[in-house]
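# Descriptive structure summary
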Amino acid sequence: MPLGLIAGNGTFPFLILRAARQLGHDVVVVAVEGEAFPELEALARDLGRVQWTWIPLGHLGACIKTFKAAGVTRAIMAGQVKHTKLFGGVLPDLTLLSVLTRLTSKNTDALIAAIADVLKDHGITLMDSTELLSDLLAAPGVLTRTAPTEAMLADFAFGYQVADAVAGLDIGQTIIVKDRAVVAVEAMEGTDAAVARAGALAGAGARVVKVAKPRQDMRFDVPVVGVATITAMQAAGADALSIDAGKTLVLDGAAFLDAANAAGVVVVGRTR
């Protein structure tokens, strides 16, 4: 039975695809136009036994039709789709429109959980997005060569209280702290933009706290960090990052830690 993949932007979809092929799965990819990286299609075809279909953002019915025609009964959602497009730029088909009209809120959990329910109604189960990539989940403890200072630990301890509350409200999963004060809170703009804003507001020496939601649904919106995270932090002058062990995907792990060490950014994995 082929495995379905709903692909947004970033390298996460390709990592899922490669892992699925290594395990012998045929894969049916539904890639969101304007979100999934175009170059991933060629990479996917090089892997072999991959069916690739582009669909416009908001065409949930076309996604379901593609999966059902290929016999897909299990699918993974991977990669980001810009949430702000809900306020313009999305022309939903009737299937997605039926989802949107019955939502009481349009936060990430509510929206994607409703989409998952519609997929299930059509015989397609949305899988844990980390099931094929468990080896990429963050380990606990200090992950870089340099351990956090007392000041960093104090900022982390302060930040956890706020970040856990914000994540629990499904506002965002990242806050940036400096001297036990919240400088920036991530919302729809994403982590890198929030880090850049913190750098503009508070200058160097801020700390980034990225958490999973208290009741994190591992099927979607799992925290992800990568080399781009370190690049954004370095540009903003942020010097420490905390991620949740076992709940955060670390893309290109060796390159991520190499970049952090080279930039002098301390990274720790928090045990919840």
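These figures come from a predicted structure and were not determined experimentally.

The rules behind the values
Residues numbered from 1 in each chain as written. Predicted model: local features only at pLDDT ≥ 70, side-chain atom pairs only at ≥ 80, totals over all residues. Heavy atoms only, no water. Buried < 20%, exposed > 50% of the residue type's maximum accessible area, 1.4 Å probe, protein only. Helix = DSSP H or I, 4+ residues; strand = E, 2+ residues; numbered from the N terminus. Pairing = 2+ DSSP bridges. Right-handed = clockwise from strand over helix to strand, strands pointing away. Phe/Tyr/Trp six-rings, centres within 6.5 Å; stacked < 30°, edge-to-face > 60°. Lys NZ or Arg CZ within 6 Å of the ring centre and 35° of its normal. Core = buried A, V, L, I, M, F, W, Y, C linked by side-chain atoms within 4.5 Å. Contact = heavy atoms within 4.5 Å. Salt bridge = Lys/Arg side-chain N within 4 Å of Asp/Glu carboxyl O. Axes fitted to C-alpha atoms, helices over the stretch in contact; angles between N-to-C directions.

It is worth spelling out the pairing of strand β1 (residues 3–7) at this point. Summarising burial for β1: 5 of the 5 residues are buried, a large majority. Side chains of β1 alternate between two faces, with L3, L5 and A7 and G4 and I6 buried alike. As defined by bridge partners, β1 adjoins strand β2 (residues 27–32) across 5 bridges and the pair is classed as parallel. Within the sheet, the bridge partner assigned to L3 lies in β2 and is V27. For the crossover that starts at β1, traverses helix α1 (residues 12–22) and ends in the parallel β2, the hand is right-handed. The pairing of β1 with strand β4 (residues 74–78) spans 5 bridges and is parallel.

Let us now look at the sheet that holds strand β11 (residues 240–244). Pairing within the open sheet is mixed, and its 6 strands lie in the order β6-β13-β11-β9-β7-β8. Of all the strands in the sheet, the pair left with one neighbour each is β6 (141–142) and β8 (181–185). When strand β7 (residues 174–178) meets β8, the two strands line up antiparallel, connected through 4 bridges. Note on β8: the bridge partner recorded for K178 is A181.

Ring pairs (aromatic) are described by centroid distance and by the angle formed between their planes. Under the defined criterion, the tally for this structure stands at 2 aromatic pairs. Both rings, one in F156 and one in Y160, keep their centres 6.2 Å apart while their planes meet at 25°; by these two values the pair is stacked. Residue F156 and its partner Y160 are located together in helix α6 (residues 150–168), separated by 4 residues, close to a single helical turn. F156 gets classed as buried once you look at its relative accessible area, which sits at 2%. Positioned above the aromatic ring of Y160 is the side chain of R270, whose terminal nitrogen or guanidinium carbon lies 4.2 Å from the ring centre.

Before going further, it helps to examine the pairing of strand β9 (residues 207–210). In regular strands, side chains alternate between the two faces of the sheet. Both faces of β9 are covered, namely the face carrying R207 and V209 and the face carrying V208 and K210. Here β7 pairs with β9 via 4 bridges, running antiparallel. Within β9, the residue paired with I176 across the bridge is V208.

Here the focus is the nonpolar core. The nonpolar side chains of a soluble globular protein tend to be buried with one another. Within the largest apolar cluster, 26 residues are counted, with the highest numbers of intra-cluster contacts made by L5, I16, L17, V29 and L133. Put simply, the parts of the chain that give this core at least two residues each are β1, α1, β2, α2 (39–47), β3 (50–55) and β4. Broken down by element, this core gets its largest block of residues, 7 residues, from α1. Filtering out sequence-adjacent residues up to four positions away, L17 remains in contact with L5, V27, V29, A44, L47 and V50. Core analysis: the second largest hydrophobic core is formed by 25 residues, L60, V72, A114 and V118 among them.

Looking now at the pattern of salt bridges. All chains considered together, the criterion is met by 14 salt bridges. Of the charged contacts, one joins D221 and K213 as a salt bridge, the two residues approaching to 2.7 Å between their closest N and O atoms. K213 gets classed as buried once you look at its relative accessible area, which sits at 5%. A salt bridge links D217 to R219; the nearest nitrogen and oxygen atoms lie 2.8 Å apart. A single network of salt bridges, built from pairs that share partners, joins D109, D170, K213 and D221.

Across the sheet, 5 strands lie side by side as β3-β2-β1-β4-β5; this open sheet has parallel pairing. Each of the sheet's edge strands pairs with one partner strand only, and the pair in question is β3 and β5 (125–126). Pairing between β2 and β3: 6 bridges, direction parallel. Its bridge partner lying in β3, V27 is registered against V50. Sheet contacts for α1: β1, β2, β3 and β4; angle to β1, the most-contacted strand, approximately 170°.

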